[in-house]
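One letter stands for each residue in the lines below.
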Amino acid sequence: MKKHKFNNFQAIPILLLLFLFESAYVYAQSDGIIEKRDSTIEIGYNIKSKTVAVSSLKGMDIETHATDNLSNSLTGFLTGVSSQQMGGEPGKDGSLIWIRGFRTLNNGYGSPLVLIDNAPGDYTALDPNEIESIQVLKDAAATAIYGQRGANGVILVTTKRGVAGKLTIKLDAQVGMQELTGLPNFLNSYDYARLVNEAKYNEGDLLPYYNSEILDKYKNQTGNNIYTNPSVDYVGEFLKPTAPTQRYSLNLSGGSETVKYNIVLGTMNQDGFYKYAQNDPKYSTNASSNRYNLRTNLDVQISKRLNLKFNMAGQLIKYKSPYAGTSAIWGEIMHERPNAYPVFTPSGNLGGTSNNFNNPVGLMSRSGYLETNDRNFQVTGQAIHQLDFITKGLSVTLSAAYNGYNSYGLQKKQEYAVYSVDETLFETKYGEDKPLQVGTDLSNNMNYITSLWSSLNYDRTFGDHAIQASALVNFDSKSIPKFSPYVNLNYGATLNYGYLDRYFLGGSIVYSGSDNYAPESRFGTFYSISGAWDIHKESFLNDVDAVSQLKVRTSYGLTGNNGQPSDAQRYPYETLYTSTWPTFGLNPSAVQGVTESQTGNPFFTWEKAKQFNIGLDAEFYNRIYLSFDYFTDHRFDILANPSNKFPDILGYSLSYANIGTANTNGFEALIGVKQTAGDFVINADLNASFFQNKVVENGEVSGLYSNQQGIGKPSYGNWGLQAIGFFYDDAEIANSPKQEFGTYAPGDVKYADTNKDGKINAQDVTRIGGAGVPELSTAANLKITYKGIDLGIQIVGQFNRSVWVPSEFNNAIPNGGKLAEDANLRWANYIDPVSGEAIDTRSQAKFPRLLTTVSTNNTQSSTLFVRGADFVRIKNLEIGYTLPQLWLKKIAIANVRFYVNGYNLALIYDELKTGDPEYPGACIWGYGKTRIISVGTSIKF
Amino acid sequence: MLNFNFFFMKTIYKIRWILILFSIIIINACSEDFLDRAPTADLDQEKTFSDIRLAREYQIGLYKSLVGGFYNFSGDPGQFSLEFISDIDGHCMGAYFNTSCIDILAGKLQNTSGSSAYEVEFKWANCYKNIRAINIFLENYMKVPLNTDADQKEMNSMVGEAYFLRAHNYFELVKRWGGVPPVYKVLTVSDEQRIPRASIKASIDSIVADCDRGAKLMDTQVSSSQWLGRITKGAAMGLKARALLWGASPYWSAHNSGMEYSDAAKAALDVIDLNVYSLMPKYKDVFMVNYNPEVIYFHNDVVRATWQFMNFVPIPLGGWCGGNMLATQEFVDCYEIKDGSGKYVPFDRNNPDHLANMYNTDRRDPRFKASVLYNGAKWQGLTCSYYVGGSFGNGYTNNFYTGYNFIKWLDEGVHIGGLVGQYGSRQTNWIFLRYADILLMYAEAQNQVGGPNSSAGGSGKTALWAINQVRERAGLTDLPNGISKEDFDERLRNERAVELVIEDQRYFDVKRWGIADVIGKDVHQAIATKNADGTFTYDFSQTAGPVRFKYSVPDQFVLYPIPVSDITKNPNLVQNPGWQDIMRTSN
């Protein structure tokens, strides 16, 4: 076993040999070398390449965004990135990010690797002013050096560094207002009660459940009726229309050739929408997030050859919420019947009933509160030593980083009483009002990541030949108390060769290991080869003025993904033992024995991807630029449940084995224009990213009907039936295949007989989607400046996507809930027992008939709940005005800009038309989505 | 040369700081065990088989594969015997009892997601899981360093026991499925798993081979009383006899097993001739006295709270039994009755004298009173009134609709009843094999070889001698000397039904005898009506319990379907006759 282990001390002589070999070789021909620089792309660890597919954005493009979470700012700017924002809770309103789509199997690990200044970390809590650039590495040529963690793409966040010169002070202040979006419109008690009557009628109760007298009381919300027969508008009653958010940051930058500095101090505060959050004047229980950011980036030129970079950054974040918790509060607001109880009783007590203490006033302001304090802290030290005395163009970089995370959560609970009100306004008390209890631990988590890396870089041109070569060793270790640390170690090398500055060849190879695998198979080799041809520099294009740039690129490589499904066990190669206690003896007693509890799978390994990319970068007339990339990603050795592969006679079962395969392909396209016309400067681009994923093998059982097979379909999304309408009458039921999900009647959901076996049951399910992942992500970015005025607009469109729409959007009666206005689109055919009105909506119904009990027929997972949710929205809009410099000179101010901007401003196209199409469940299962409008100023001294 | 050296030194000097830093990084990053996980207390196979203490723990763990019939169907103790789905011995009713039983009665053996899964899917998978664990031991025990003779002796026994346990688990499979895929090495995911089934003979031969290996390595007694419950030589020899008899039995010989009764008779006689085992003087004591000399192998169980047996005890007596685990009239009819001449003869319900003395314990086979509660029986001072209007009630819809409960495994001396928490408790070991069974096996096999008066190998121990040993202990009269081979076989089958009731034997006996279709036949109740004079009138016309499934193919009575999920994964597995290979699951 030992002999397979990487002998780590081999690395030192290898790298030293590299030094020596290079020095000897170059020393021999040290003259006649022309240094030539070209725009190259860094792919991390100071390694450069010219043949990679990378998209990037500049920090200054996003630093004034009204949204504070950086993950929200990637959308629309970066081709190859698709995203979904999952809610608007203060400090937790970020987006899920996929690079080149979802490329593995459904419960696989699809997240990209994120590095901040080449060290693992979480970028979402950084202040936008800290960001210099964000790069997204997409193809194998760029990600192969990340070894076992490269396959899902890599996000490289680079922070701002100082520039030599006099001190620049920049002050940014932004005050904004959040507004909830995508909430359902709920029916009042009167409309609710009438539809309950209808539901009861549908169940055979011909007498109205709510008689005309009660209905009148719901209608006339005056006098005692508001207590005895309330009609509560939960959204209006408990949620404020707007909530403030604000962000300030101070940026100091400058320095000399010897020492450069960039300091950012930032603070952010985001408040929640809870109307009742101040029961006790001493503290608020409103949801909120407060963040303080600090960063000092120093560059020290120790000697002509030795440069040190030193970063120190920290984030202090406090999240607050009522003790009852986000989902309980939103669940109550979005679910509770309008006639359940009055908010307050006549004497000002909280309304409720003997078994309903969920009055949101109580949940928000009298249940106590939760408070979580996160302390993140990152230190990075980096030394770059030019080794040009050995040979020109040679340098070595050493870097060490520490990233610590501590989180302490405190909970303080409180209890409160509710009162029911009867017809005579008599109040009955339930529960007790109690003072706030002593705080107890809610959570106490910590982890830290240490990372070390070193790269030896050689960058030199010999006549027509240019060489950029690097050797790399890097490792990082994430430690969580009580667990074994997560460790990764890579040894890599890259080589880029350019001939005549026209033809480029690139290659990288990396020997990459992690601790999760059997000792003899921890390491794997990953590689990429790539090439580019700068056609523009060919002589036949010399005279073509129209073409100012034209380059084709291609790459192919093998990358890895060692992320596991969340329920997969670590160290699955290990056979674990557990005690077992059979009984022996005259006086029987259990005797300890051992038995296998987990049988190791020595073949367990990482997921792999063979990735191909071909791309084109062009520019015409120095104005119009375009970029296009086509990619394929062949994933194999994906972890999937192998229980359908291994028979029981094997004697043990594995929860996961490397048996899955999936193929993804797609493209990214970008066309843009930069145009200056008089005082107008126009910058516009249109971009699109598309992917399509297909399962090739997922371990499913053989012999399924084709509709039941996951193979050949996208790996993500829900399974369900195709709802094809509602039974019009008994005749239609009689003439349709039998549905085996319990009883049904006219008005109930009719499903397609997908497998054509004449009956409709669980075998008719198919992939119906609903995962929220867009296949096509598009954006249009426009920026116009005219003199001091600037306008920026970003429109984002997502297509070929669907979402799960919770039943709260149409009929929550069977679950004891209320009705939203979509309930009016239900199937109905009856005579209203109160008004005598004949109602027949059969031909235009969008939802099944109303019922007060759960209909297993109608609640099957189906396309009734999974609905297309393509949308186009104005994601960001900003209008700014920069004061003329003339005015400012006198008061020693360099630059002042005022702006107003908005985030998630408006939907232009909405296929779903119910709730927020990006994630309609946000307000039901969590915290509603928000739109943010803010004003700000940016002052430079 | 000098020049180069100078250059080299100068270079080294110039980059000295970087070299130092670099070395620190490399050394940190690359120390030998950098990717090794932090030390844990966990065992691994290497460790386990490097030390006799750990190897012993592993071997002890193998005993978890020896699980008694009280754990049938659910894995929880105090559940149901397979007896209750056999033909006559018992009966259970109602979905509120173990639905696994009900599903098997209803023929739903192939319902992969159904509740019969425990007896079909789980049993299949679990036996192979056990076999794997045993194979690991048998492939690795030789690595354990043995320093003393005592270690060597212990290891011999442990290995022998492991061979036995493997044979036991294979026999559990063979009883249910016939010939099964032989897995005699530790398989990994990369090994060929599409192993075809072995023939019934090959499967039994492998079981016999393991028994022989085991018998050679084990002593007839455990090393000390603290290890009671471990397997001994006699168990291996006894299981061998049982397996050989299985293969020679009518169903399998009709299906070309090619196995001979003489081998089974010889193997059973070997156990008799060990002179280690003897019959307990009293039948009831076999079940009440643990570790008695009649028991050959058993599941040494912890002391159980009595509640774990409460499913046997009828509600009016303070137990929980309300309709499950009842005896049927057909079973009660199996108990012989003393005729006028003092001879025990088969009970005949149509004989008025027999009928009038149905519950006369002075005349019925004494094992009846020891095993069954009936109308008028006394239990812990209470009278069991199984009649219409009595505290137990009677009649088709009543909990005690058959008129009988089983008390064979219950100790009247332990106070069963009263309030929750006041139950007594007692240890009751499940008996897999006992000497009486060996005698009956020998009698059955030898009768087939040469008739009632023949004996194996000229031993003089005739088939008749063997069965009469059992009868005499029970308090019955001997079978007549001139009995024909056929009559002997019939009386022997009856003897097994009575002697071994609720020991999971009848359910499998009817399968190997090829009369398993009796499992589908109706059984009847004894509905008692109390007469004015205090006597009872019995009505036996009502069938008992849920309608029993009538399999369309006779083989379906005998053999379980191989779990279809395994057949789809292993196309070389041939399904048992009568069963189909359709499986579709929904997502």
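Placed above this text is the structure.
Structural notes, computed from the coordinates. (Residues numbered from 1 in each chain as written. Chains lettered and ligands numbered in written order. Predicted model: local features only at pLDDT ≥ 70, side-chain atom pairs only at ≥ 80, totals over all residues. Heavy atoms only, no water.)

Let's talk about the overall build of chain B
Within chain B, the secondary structure is distributed over 21 helices and 12 strands. Pairs at least 24 residues apart make up 68% of the contacts formed inside chain B by residues separated by at least 6 positions. On chain B, roughly 22400 Å² of surface is accessible, and the fraction owed to carbon and sulfur atoms is 54%. (Helix = DSSP H or I, 4+ residues; strand = E, 2+ residues; numbered from the N terminus. Contact = heavy atoms within 4.5 Å. Areas by Shrake-Rupley, 256 points an atom, 1.4 Å probe, with all protein chains shown as cover.)

Details of the packing of helix H17 (residues 463–474) of chain B against helix H18 (residues 485–499) of chain B
Residue and element names in this part refer to chain B. Their axes nearest at 11 Å, the elements H17 and H18 cross at an angle of 35°. In this structure, the crossing between H17 and H18 has a hand that is left-handed. When H17 is examined against H18, the residues Ala463, Leu464, Ile467, Val470, Arg471 and Arg473 are found in contact with a partner set consisting of Phe488, Arg491, Leu492, Glu495 and Glu499. Here the contact of H17 with H18 is built from residues that sort into six nonpolar, no polar and five charged. (Axes fitted to C-alpha atoms, helices over the stretch in contact; angles between N-to-C directions. Left-handed = near helix turned anticlockwise from the far one by under 90°. Nonpolar A, V, L, I, M, F, W, Y, C, P; charged D, E, K, R; others polar.)

With respect to helix H6 (residues 121–140) of chain B
Spanning 20 residues, H6 of chain B covers 29 Å between terminal C-alpha atoms, matching the ideal 28 Å at 1.5 Å per step. Taken across its 20 residues, H6 of chain B has 14 buried, putting it largely inside the fold. (Expected span 1.5 Å × (residues − 1). Buried < 20%, exposed > 50% of the residue type's maximum accessible area, 1.4 Å probe, protein only.)

Digging into the packing of aromatic side chains
The tally for this structure, following the rule as stated, stands at 65 aromatic pairs over all chains. Seen from their ring centres, Tyr234 of chain A and Phe238 of chain A are 5.4 Å apart, and the 45° between their planes marks the pair as tilted. On the criterion of helical spacing, the pair formed by Tyr234 of chain A and Phe238 of chain A is a turn pair, its members being four residues apart in helix H8 (residues 234–238). When sorted by exposure, Tyr234 of chain A lands in the same class as Phe238 of chain A, which is buried. Measuring from ring centre to ring centre gives 5.6 Å for Tyr291 of chain B and Phe298 of chain B, while their planes differ by 75°; the resulting arrangement is edge-to-face. Among the aromatic side chains, those forming a connected cluster through ring pairs are Phe331, Tyr335, Tyr359, Phe368, Tyr374, Tyr387, Tyr404, Phe406, Phe536, Tyr538 and Phe540 of chain B. Taking the ring centre of Tyr369 of chain A as reference, the NZ or CZ of Lys320 of chain A above it sits at 4.6 Å. Here the guanidinium or amino end of Arg842 of chain A rests over the ring plane of Tyr728 of chain A, the centre of that ring lying 4.2 Å away. (Phe/Tyr/Trp six-rings, centres within 6.5 Å; stacked < 30°, edge-to-face > 60°. Lys NZ or Arg CZ within 6 Å of the ring centre and 35° of its normal.)

Points about the environment of Ile724 of chain A
Residues and elements named next belong to chain A. Counting through the fold element by element, Ile724 comes out in strand S34 (residues 723–726). For the pair Ile724 and Ala752, spaced 28 residues apart in sequence, the C-alpha to C-alpha distance is 6.1 Å. Not counting residues up to four positions away in its chain, the partners in contact with Ile724 are Lys750, Tyr751 and Ala752.

Description of the packing of helix H16 (residues 435–450) of chain B against H17 of chain B
All names here are of chain B. Here H16 crosses H17 at 150°, and the two axes come no closer than 7 Å. With respect to the hand of their crossing, H16 and H17 are arranged in left-handed fashion. Mapping the contact onto sequence places Ala436, Leu439, Leu440, Tyr442, Ala443, Gln446 and Asn447 in H16 and Ala463, Trp465, Ala466, Ile467, Gln469, Val470 and Arg473 in H17. Here the contact of H16 with H17 is built from residues that sort into 10 nonpolar, three polar and one charged.

Some details on the pairing of strand S6 (residues 113–116) of chain A
Residue and element names in this part refer to chain A. Residues Leu113 and Leu115 of S6 are buried on one face, and the alternating residues Val114 and Ile116, pointing to the opposite face, are buried as well. Here S6 pairs with strand S9 (residues 154–159) via four bridges, running parallel. From the neighbouring strand, Ile116 faces S9, where its bridge partner is Val157. Bridge count for S6 against strand S7 (residues 119–120) is two bridges, and the pairing is antiparallel. Residue pairing for S7: Ile116 is matched across the bridge by Ala119. Counted between consecutive antiparallel strands, the loop separating S6 from S7 contains two residues, among which Asp117 sits at a positive phi close to 45°. (Pairing = 2+ DSSP bridges.)

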